[in-house]
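Listed below are the residues making up each chain.
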Amino acid sequence: MLVIDLVPLLTRLTYLLIAGLTLADFLRHRDRTRFDIALVFVVLAVNVLIQEYGLLTNQPPPPALAYLSSVTLLAQPHLLLRTVTHFRPVPRQVLLASTIALGLSLVALALPLMRPNLTLPLPAILLIVAYFAWAEGYASVAFVRGALTTGGVTRWRYRLAALGALLVAAVIVGGFGLGFFPTLAPYSRALTESMGLVSGLAFYLAFAPPRWVRRFWQFSELHRFLHAWSGQPVRERASHILPFLCEAGQRALGGSAALAALDAGVAQQLVVRATTWASFAGHVIDLSASGPLPSAWRERRAVVANQRQDLAPAGIHLVAAVGGEALCVVPIATPERAWGLLIVLLQRRPLFPDDDMELLGLFAEQAALTLDQDALLNEQADLIASLRDRTAQLESANHELEAFSYSVSHDLRAPLRHIEGFTELLTRSDVPEPLRSQHLTRIADAAMRMGQLIDSLLTFSRMGRADLQRLPVPLDRVVADARLELAGEAHDRAVEWVVSPLPVVQGDPDLLRLVFVNLLSNALKYSRDQQPARLEVGALPATDGEAVVYVRDNGVGFDMQYSDKLFGVFQRLHHANEFEGVGIGLANVRRIIHRHGGRTWAEGQVNGGATFYVSFPSLAPTAARPLPVATALTAAATPGGPTPYA
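Notes on the structure in this doc start here. (Residues numbered from 1 in each chain as written. Predicted model: local features only at pLDDT ≥ 70, side-chain atom pairs only at ≥ 80, totals over all residues. Heavy atoms only, no water.)

The strands making up a sheet are joined through hydrogen bonds of the backbone, oriented either antiparallel or parallel. Reading across from one edge, 3-2-1-6-5-4 is the order of the six strands in this open sheet, with antiparallel pairing throughout. The sheet is open, and its two borders are formed by strand 3 (284-286) and strand 4 (303-305), each paired with just one other strand. The average angle at which neighbouring strand axes cross in this sheet is 30°, direction not considered. Where strand 4 meets strand 5 (residues 326-333), three bridges bridge the pair, whose relative direction is antiparallel. Looking across to strand 5, one finds that Val304 is bridged to Cys328. Across the sheet, helix 10 (residues 292-299) touches strand 1 (257-263), strand 2 (269-275), strand 3, strand 4, strand 5 and strand 6 (338-346), and the angle it forms with strand 6 is around 150°. (Pairing = 2+ DSSP bridges. Helix = DSSP H or I, 4+ residues; strand = E, 2+ residues; numbered from the N terminus. Axes fitted to C-alpha atoms, helices over the stretch in contact; angles between N-to-C directions. Contact = heavy atoms within 4.5 Å.)

A separate point is the sheet that holds strand 13 (residues 610-617). The strand order across the open sheet formed by five strands is 8-10-11-13-12, and the pairing between neighbours is mixed. The open sheet is flanked by strand 8 (495-499) and strand 12 (600-604), the only strands paired with a single partner. Going across the sheet, the axis of each strand differs from the next one's by a mean of 15°, ignoring polarity. Sheet topology places strand 8 next to strand 10 (residues 533-543); five bridges connect them, and they run parallel. Across the sheet, residue Glu496 finds its bridge partner in strand 10, namely Arg534. Seen against the sheet, helix 16 (residues 475-485) touches strand 8, strand 10, strand 11 (546-553) and strand 13 and runs at an angle of roughly 165° to strand 8. Its contacts with the sheet put helix 19 (residues 585-595) on strand 12 and strand 13, and the angle it makes with strand 13 is roughly 20°.

Moving on, we get to helix 2 (residues 32-57). Here helix 2 contains 26 residues, and its C-alpha end-to-end distance of 37 Å stays within 8% of the 38 Å for a straight helix at 1.5 Å per residue. Measuring from the side-chain oxygen of the N-cap residue of helix 2 to the backbone nitrogen of Thr33 gives 3.2 Å; that N-cap residue is Asp31. One or two positions beyond helix 2, positive phi appears at Asn58, with a value near 55°. (Expected span 1.5 Å × (residues − 1). Polar contact = N/O pair within 3.5 Å; in protein donor to acceptor, adjacent residues only side chain to side chain.)

Now for a nonpolar patch on the surface. Side chains of Leu6, Leu10, Leu13, Leu16 and Leu49 sit close together on the surface and give an oily, nonpolar patch of about 400 Å² of accessible area. Counting residues per element, the nonpolar patch draws most heavily on helix 1 (residues 3-29), at four residues. (Patch = residues over 30% accessible without salt bridge, like charges linked within 9 Å, V, L, I, M, F, W, Y side chains within 5 Å. Areas by Shrake-Rupley, 256 points an atom, 1.4 Å probe, with all protein chains shown as cover. Salt bridge = Lys/Arg side-chain N within 4 Å of Asp/Glu carboxyl O.)

Limitation: the analysis is restricted to geometry and does not speak to function.
Here is the structure:
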């Protein structure tokens, strides 16, 4: 078999293959778009089979079959125009003109069938050729425009469909024109048969491409998608991926708008976090009813919808806002987590929805992976911060343990020495009775003091293990409660109280009350020789996300060179004969404040009073590390919150 004979055979086989594949696709999905596509190639397959019948029988087909062959060939451009209407608006006048031209062409071809001796006049032939060329050319231009307004796999398929339609028109027009030049017949045959084969291959790749070709197109588009933003720093990708995803989705499908809606932590609701249509920003999508959006979210599957009953109710508002008729929605999800939905709004249903949805799915999956990566980085950062806090707590606990060990070895040993010494004296027989009673009294005092020290150590130890509540605490109320608790210590003294407005902080109400009971009790104790005693409680201006509260007195004060001992366990700067106590109160204050994330320090001078400062993390910090997308949305959308301390 010569090559020139092989080309038409391959052309016929190609069109038969396309017809079989498109018909099978329609039978599998059964929608109007696939029906029209299948019809375009089924009529061509009928034409091919009639021609093949003539070749096999070595005689012209019967007139009825010949007429049917002409009908199927002339119907192809009109059916191709109908296919165009699924992705681009075609004026009614164009469809009407195509229908009239097709009808006139069929009538003209029927005349020789009814009157065998009648030869079709040249004007009728020109009308038929003009109709064929015009319809195929119009479809070709429409496919070119579709390719210019879309991207992704669809762009490739539109280009190939335009090429196929253009070559079919060229074959018909060229074959007719070259008929007037018999000397060019050998060349015209080779040219037209080659263009016929190329047109068949173009239609094959446009309307029934093999999976590996579609994958190649998809991966090339995915590579372009990833390359466009992969150069950004890792920490900035999550903040850019959603707007970029919307732009890529709209471009890939030639949509009117695209939006990415994420889960905000509220049941049955998504919030639009990025969009190419400004009026959709912040829009809340209700998923409580039926429709494509709830289905895509609950079942994690891609959905295409263009009927009003399919869109209702959540999709109708979105599509109507852009004056469209259809939408495509894919979940932004990984196997472990669903983040939200990518929604592309279209003027018409896509011509190749499977390819479009697969490509959108690849884009959305990459976006979900980026969001997962960002969430993981934030979790790692939180873990590192937590480990740093834990390390600081362990260091603080080690310091406290050292102080505790010192206290046990030093402060508890002192009363034991008293008990041991006076007990030894009592064993002597020459100790007179009055002195024996004094020794017993001192032994009892030492034992009582030792009991107080042990109780204080137990209280200090429990303070580090107590569970913390995190509530908004108004310190005005805490100070007022502490003053009431200490009223017995100041009822017979002249005490001047100056209490300024205090902030609201986050903390444990009971432990913070203990802080101010200790601070105010110390202030009352060390200012009892003053007439009157003056106690001030106030707050410094908040800076660097920190609220600072002070307690000031006009008492005996202290030497600043010993200020580092003030907050230690059993550390005292005054003799027990001057001021009572075991030296555990300020140690408890420091431990409680440190557990709240704050600081403690003091200022004073001998006989010039003292000021004790405690700080708290502010409720409104001046700077904070950005939350991951999903966490920020959940925090913003969670109603209520902790109840304030009352």
